[in-house]
Amino acid sequence: MYNPNAPQYTVFKVKEPSELLPFIIVCLNGISRSKAKAILSGSGVRVDRKIVTQHDFMLEPGMTVEISKRKNATPLVSRFIKLVYEDRHICVIEKNIGILSMATDHHQFCVKTILDDYFRKSRQKCTAHVVHRLDRDTSGLLVYAKTIEAEQILEHNWRTIVTDRRYVALASGRMEREKGTVESWLKDNKAYFTFSSPVDNGGKYAVTHFRTLRSNDHYSLVELKLETGRKNQIRVHLQDLGHPVCGDIKYGNGDDPCGRLCLHAFRLDFYHPITGEHLHFETPMPKPFLHAMKDAEKAEK
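Being a predicted model, the structure only gives us computed values, none of them experimental.

Draft legend 1. Representation of the overall build of the chain within the structure. Helix and strand counts for the chain stand at seven helices and 17 strands. Scaling as 2.2 N^0.38, a compact globule of 301 residues should have a C-alpha radius of gyration of about 19 Å, and the chain matches this with 21 Å. For the chain, the C-alpha atoms occupy an extent of roughly 60 × 50 × 30 Å along the three principal directions. The buried share of the chain, taken over its 301 residues, is 49%. For the chain, the exposed surface amounts to about 15,600 Å²; the carbon and sulfur share of it is 51%.

Listed below in structure tokens is the structure:
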């Protein structure tokens with residue numbers, strides 16, 4: 001059952017470029033900036049069906065903006081996750097670092113428990129079903145099913161339903177190539193350390209496409225697109241390239257400018273498991289990654 005307390009939206013079409021806050025003020029007949037900001041902070045605005053709270057979010061002609069003056073009676077408030085999209089079948093969240101996607105034998109607190117608590121408080125008769133995962137110290141976008149039907153469709157058709165899944169990493173050193181592909185076989189040893197081999201070592205075949213977005217003598221910002229989704233794939237493949245992910249205590253070289261694993265799942269595109277609608281989600285690049293790049297560039301001058 002979808003949340004009966006969910007806000008009802010009024011739909012507006014964007015005709016010319018504008019920042020979101022002044023657009024709301026105009027649409028709602030000149031309400032005060034403080035009231036418009038309250039609507040934004042209360043998750044009362046959706047742009048192209050995605051919740052947006054950023055005041056200076058840039059609108060482009062053709063976009064659809066939905067505005068509700070009524071806040072959700074039980075918003076999801078958590079320092080670990082942010083609700084990006086929700087309907088009666090699925091929800092998409094942005095996960096922070098430091099939390100597991102699902103529980104393990106030794107750690108019960110996870111994204112699923114936060115979502116289940118939110119569903120209970122908002123009187124939704126459902127639970128979160130894990131469809132895919134991110135490492136504890138990787139941030140970014142995740143989709144969870146709210147029904148068994150949606151979970152089964154996503155799980156059994158993942159490779160055809162997901163059309164684009166990309167990460168951004170802050171890697172150590174200057175990347176030599178602008179773009180390329182890494183292919184290898186990945187296999188864990190008894191200590192759960194993943195080894196990469198250019199020839200079949202009995203492990204799983206893995207393919208990662210990469211593109212260098214920006215680089216200096218200290219770090220590189222790298223966009224990564226997975227063709228396969230193996231455990232630790234990006235971390236091991238960047239190590240193979242000689243430019244491990246910064247802050248990676250397992251496969252890194254000690255570079256740690258941000259005090260975290262510098263890997264973020266920033267884009268997720270997929271077909272809705274029930275409606276078939278093509279959905280696109282994208283999050284901004286983590287600011288610490290950009291700050292590290294700028295600090296390194298200043299040091300080089």
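Draft legend 2. Molecular detail of the sheet that holds strand 3 (residues 45-47). As summarised here, the arrangement of the four strands in space is 1-6-3-4, forming an open sheet in which the pairing is antiparallel. Each edge of the sheet is formed by a strand with only one pairing partner; in this case those strands are strand 1 (10-13) and strand 4 (50-51). Direction of pairing for strand 1 relative to strand 6 (residues 64-67): antiparallel, over a ladder of four bridges. Its bridge partner lying in strand 6, Phe 12 is registered against Val 65.

Draft legend 3. Here's a closer look at empty space enclosed by the protein. Scanning the entire structure with this criterion turns up one cavity of 30 Å³ or more. Empty space within the largest cavity amounts to approximately 30 Å³. In this structure, the largest cavity is lined by His 132, Leu 134, Leu 141, Arg 165, Tyr 167, Ala 265, Arg 267 and Leu 268. Listing elements by their share of the lining of the largest cavity, those giving two or more residues are strand 11 (162-172) and strand 16 (263-271). For the lining of the largest cavity, the class distribution of residues is five nonpolar, one polar and two charged.

Conventions adopted
- Residues numbered from 1 in each chain as written.
- Predicted model: local features only at pLDDT ≥ 70, side-chain atom pairs only at ≥ 80, totals over all residues.
- Heavy atoms only, no water.
- Helix = DSSP H or I, 4+ residues; strand = E, 2+ residues; numbered from the N terminus.
- Rg over C-alpha atoms; globule rule 2.2 N^0.38 Å.
- Buried < 20%, exposed > 50% of the residue type's maximum accessible area, 1.4 Å probe, protein only.
- Areas by Shrake-Rupley, 256 points an atom, 1.4 Å probe, with all protein chains shown as cover.
- Pairing = 2+ DSSP bridges.
- 1 Å grid on protein atoms, 1.4 Å probe; cavity = no way out; pocket = protein on both sides within 12 Å on 5 of 7 lines; lining within 4 Å.
- Points joined across faces, edges and corners; volume = space filled by probe spheres on them.
- Nonpolar A, V, L, I, M, F, W, Y, C, P; charged D, E, K, R; others polar.

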